[in-house]
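Structural features, examined
Read off the chains here:
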Amino acid sequence: MRRFKNRVSWAGLLASTVLAATALAQDSSLPPLPIEATGTVQSLPAKYPDEWFLVHDASFFHMSDGKVYVIDTSADTVAEQVKGMFNVVLMGNIGQSRRRGEIYAAETFHSRGTRGTRMDVLTIWDMASLAPKGEVVWPTPKRYMGMPQRFAVTPIDNDNLLLVVNFTPATSVTIIDLDTREIVNEVATPGCLMAYPTGQRGFSSLCADGRLMSTQLARDGSLIKQTRSDVFFNSDDSPIFEHTAFIEGTAYFPSFSGEVYPVNMQGKVAQVGKPWDLVTKEERAGNWRPGGIGLIDADDHGHFYILMHPDGADGTQNGGGSEVWVFAAAKRERVLKIQLQAWGLSLAVSRGKKPMVLVTNPTDMSLELYDGTSGEYIRSVKDFGQETPLMLHASYQD
Amino acid sequence: MNFLDDLFERRSRQLAQRSSRRGVLKQLGGLLVGAAAVPLLPVARAVAAPQAAPKAPKEMGDESDCDYWRYCAIDGFLCSCCGGTKNSCPPGTEMSPITWIGTCRNPADGRNYVISYNDCCGKSSCGICLCQRDEGDRPPYRSDKTNDINWCLGTASAVYHCSTAIVVGVALDKGAK
């Protein structure tokens, strides 16, 4: 045993000598590497390409470490796919302004980390530098905190005003002037939640009593009028999802049971249209239903994409689906079924000529990319440090 | 492998029929019926009296299991796995006074109960026994029935740790939502 040890030591010494000799053998024909500057930080284009997505990892197991990754889905390797990241602390939500090149993140901090004084902040992230360029602090913390949403932080009025949803559980919307970065108003939305852009300068909210409430604002953010629609669904027996897809000013709200309600949001007041079926009679018999978190999104060609699952029942509505169904909204017609590799929990669809569908696979929390026109699986995006990428966003919202 | 399962199941059943607690009770019951014919002394009557007392409320199942009956509408980390119990918070956390509710059927008595899912707050995610059932769960606009909201409201800290499931009443209607 002792002799063997000695042999190993000699072998190690020999290897070290060879390595040292190799290192010493310089190639003097090559010029030396230039001296590099320290402190260099990368930046991004002010307007992201269509293939880029914002991947919101709510970090369900470490909520104070919530973050959004900027991902280029056209790249092949993780090193090329990850373009950068910014934080969204404690179950926050984001909104985007392509015109301003800004991303807005509603966040919450405590003065001692998990305890101490609570502070609610809207952080304004610069899309090019991914650095914070401003913030707005709530006088009294009350912003909505929960599973990620697409319409809890909503720019309106050509991105002059920003709406941020509050919940204490009293519901209201804080209105921020994006030029001055100041809170200009808070409008109560009793019994109603979320902020779906409506008309030139307004928003609508979904209500517990099965209505929509539309709020019209003046240029300075002051309240002009609030109007409640007729009851069009029952939140006990026939609920609709709060997630929706906008196509040319109409929001498509899927119901738990497989209908979709088109709501025209182009005027000052939301106009609820006649619902239509997403499923055939045979599919309804198989209990095909919508399901997921970010379960619906739209492309630039009049299509919405929705996660569907068979054997649906009370309790399966948040679980996602095995297929993505694509509908031509105006024709009320399904144009494509995409069979997912495994299962999908959330999806987002890229803008532009070639819609691509990015789907969260909850079995390993990877992302899968599909061609939105053919349904072809393209690649997986994984191992980028993600934990729970619960909400996906196309790289901008109109 | 199935035949082994069947074999073990059959043997277990036979064993249970011969030696289970139920079998012992059956034999004991036979003895008691026989004994009832014998006049009892007053002391013996006093000892026998508790058997006529009302039955205690009953639950069954493992409260650290996601399938436990109270968790029908839950979405979060079970406090039972985090140093708390089904109806109490882990040490050093604070229970939220504002909650969402579900209606769950207790299989032990067949009743539907209103369950309040009070969150425990002030420490980061427990990270153990994540459980999502969602039965009767509704979107956040129906706030009294939604588990998608961070219910650490009205607490010193808004940081979510885990969820309890507290019986706050018997549902009035068996089919109540």
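Here the structure is a predicted model, which means the values were calculated and not measured.

Cut-offs and rules
- Residues numbered from 1 in each chain as written.
- Chains lettered and ligands numbered in written order.
- Predicted model: local features only at pLDDT ≥ 70, side-chain atom pairs only at ≥ 80, totals over all residues.
- Heavy atoms only, no water.
- Helix = DSSP H or I, 4+ residues; strand = E, 2+ residues; numbered from the N terminus.
- Buried < 20%, exposed > 50% of the residue type's maximum accessible area, 1.4 Å probe, protein only.
- Contact = heavy atoms within 4.5 Å.
- Areas by Shrake-Rupley, 256 points an atom, 1.4 Å probe, with all protein chains shown as cover.
- Core = buried A, V, L, I, M, F, W, Y, C linked by side-chain atoms within 4.5 Å.
- Lys, Arg positive; Asp, Glu negative; His and termini not counted.
- Salt bridge = Lys/Arg side-chain N within 4 Å of Asp/Glu carboxyl O.
- pLDDT = per-residue confidence, 0-100.
- Pairing = 2+ DSSP bridges.
- Axes fitted to C-alpha atoms, helices over the stretch in contact; angles between N-to-C directions.
- Polar contact = N/O pair within 3.5 Å; in protein donor to acceptor, adjacent residues only side chain to side chain.
- Buried area = accessible area lost by both parts, 1.4 Å probe.
- Nonpolar A, V, L, I, M, F, W, Y, C, P; charged D, E, K, R; others polar.
- Phe/Tyr/Trp six-rings, centres within 6.5 Å; stacked < 30°, edge-to-face > 60°.

In terms of regular secondary structure, chain A is built from three helices and 30 strands. Put simply, chain A has 398 residues, and 54% of those count as buried. Long-range pairs, those at least 24 residues apart, make up 47% of the contacts in chain A with a sequence separation of at least 6. Taken as a whole, chain A presents about 17700 Å² of accessible surface, with 52% of it coming from carbon and sulfur.

Residues Tyr144, Leu163, Leu206, Leu217, Ile240 and Phe253 of chain A together with Tyr117 of chain B are the most contacted members of the largest nonpolar core, which totals 71 residues. Residues contacting Phe253 of chain A, with those up to four places away along its chain left out, are Tyr196, Leu206, Ile240, Phe241, Glu242, His243, Thr244, Glu259, Val260, Tyr261, Val263 and Met265 of chain A.

Note on placement: Arg143 of chain A falls in the loop between β7 (132-137) and β8 (153-156). Lacking a salt bridge, the buried Arg143 of chain A has Asp120 of chain A as its closest oppositely charged neighbour, with an N-O distance of 4.7 Å.

Residues of chain B with pLDDT of at least 70 account for 68%, and the chain-wide mean is 77. Note that residues 1-48 of chain B has pLDDT below 50 and, in this model, two contacts with residues that lie over four places away or in other chains.

Here we take up the sheet that holds strand β29 (residues 377-381) of chain A. Residue and element names in this part refer to chain A. Sheet architecture is open: four strands sit in the order β26-β27-β28-β29, paired in antiparallel fashion. Two strands lie at the open edges of the sheet, namely β26 (347-349) and β29, each paired on one side alone. For this sheet the average axis-to-axis angle between neighbouring strands, irrespective of direction, equals 20°. Pairing analysis gives three bridges linking β26 to strand β27 (residues 356-361), with the strands arranged antiparallel. Residue pairing in the sheet places Ala348 in a bridge with Leu358 of β27.

Okay, the confidence of the model for chain A next. Looking at chain A as a whole, its pLDDT mean stands at 94, while 94% of the residues score no less than 70. Between residues 1-6 of chain A, whose pLDDT stays under 50, and residues either more than four places distant or in other chains, the model counts zero contacts.

All names here are of chain A. With five of six residues buried, strand β12 (residues 192-197) is to be regarded as a mostly interior element. Taken together, the four bridges between β12 and strand β13 (residues 202-207) define a ladder with antiparallel strand orientation. Note that in β13 the partner of Cys192 across the bridge is Cys207. In this antiparallel pair of consecutive strands, β12 and β13, the connection spans four residues, and Gly199 shows a positive phi of 65°.

This part is about the sheet that holds strand β7 (residues 160-163) of chain B. Residues and elements named next belong to chain B. The strand order across the open sheet formed by three strands is β2-β5-β7, and the pairing between neighbours is antiparallel. Every other strand in the sheet has two partners, leaving β2 (94-95) and β7 as the edge strands with one partner each. Pairing analysis gives two bridges linking β2 to strand β5 (residues 119-121), with the strands arranged antiparallel. For Met95, the partnering residue across the bridge sits in β5 and is Cys120.

Residue and element names in this part refer to chain A. Topologically, Thr108 is positioned in strand β5 (residues 102-110). Overall, the relative accessible area of 1% leaves Thr108 in the buried class. A distance of 2.9 Å separates a polar atom in the side chain of Thr108 from a polar atom in the side chain of Arg143. If we skip the residues at most four places from it in the chain, Thr108 touches Val89, Leu90, Arg118, Met119, Asp120, Arg143 and Met145.

The next subject is the interface of chain B and chain A. The partner chain A presents 37 residues to the 33 residues of chain B that form the contact. Interface area, chain B with chain A, both sides summed: about 2800 Å², of which 58% is carbon and sulfur. When residues of chain B are sorted by the area they lose upon contact with chain A, Arg138, Tyr141 and Asp148 of chain B head the list and together hold 24% of the total. Remark: the boundary between chain B and chain A carries three salt bridges. Our count for the contact surface shared by chain B and chain A stands at 16 residue pairs in polar contact (both at pLDDT 80 or more). Across the side of chain B that touches chain A, the residue classes tally to 13 nonpolar, ten polar and ten charged.

Residues and elements named next belong to chain A. A cis amide bond links Thr168 to the next residue, Pro169, at an omega of 25°. The residue Met194 is not glycine, and still its phi comes out positive at about 80°. Position of Met194 relative to the elements: it lies in strand β12. Take Met194: its relative accessible area is 3%, and that puts it in the buried class.

Moving on to the packing of aromatic side chains. All names here are of chain A. Counted according to the given criterion, the structure contains 26 aromatic pairs over all chains. On the numbers, 6.0 Å between centres and 45° between planes, the contact of Trp276 with Phe304 is tilted. A residue pair is termed long-range when its members are at least 10 positions apart, and Trp276 in strand β20 (residues 276-277) and Phe304 in strand β23 (residues 303-309) qualify at 28 residues. Residue class for Phe304 comes out buried when judged on its relative accessible area of 0%. Ring geometry for Phe304 versus Phe327: centroids 5.3 Å apart, planes at 25°, classification stacked. Here the residue Phe304 occupies a position in strand β23, and Phe327 occupies one in strand β24 (residues 321-328), the gap between them amounting to 23 residues. Across the pair, Phe327 and Phe304 agree in class, each one buried.

Now for the pattern of salt bridges. Working definition: two side chains of opposite charge can pair if their charged atoms are close together. Residue and element names in this part refer to chain A. With the rule as written, the count across this model stands at 24 salt bridges over all chains. Close ionic contact of Arg379 with Asp76 constitutes a salt bridge, the shortest N to O distance being 2.9 Å. Note that Arg379 is positioned in strand β29 and Asp76 in the loop between β2 (67-72) and α2 (78-81), a separation of 303 residues in sequence. Members of the salt-bridge network, linked through shared partners, are Glu102, Asp126, Lys133 and Arg181.

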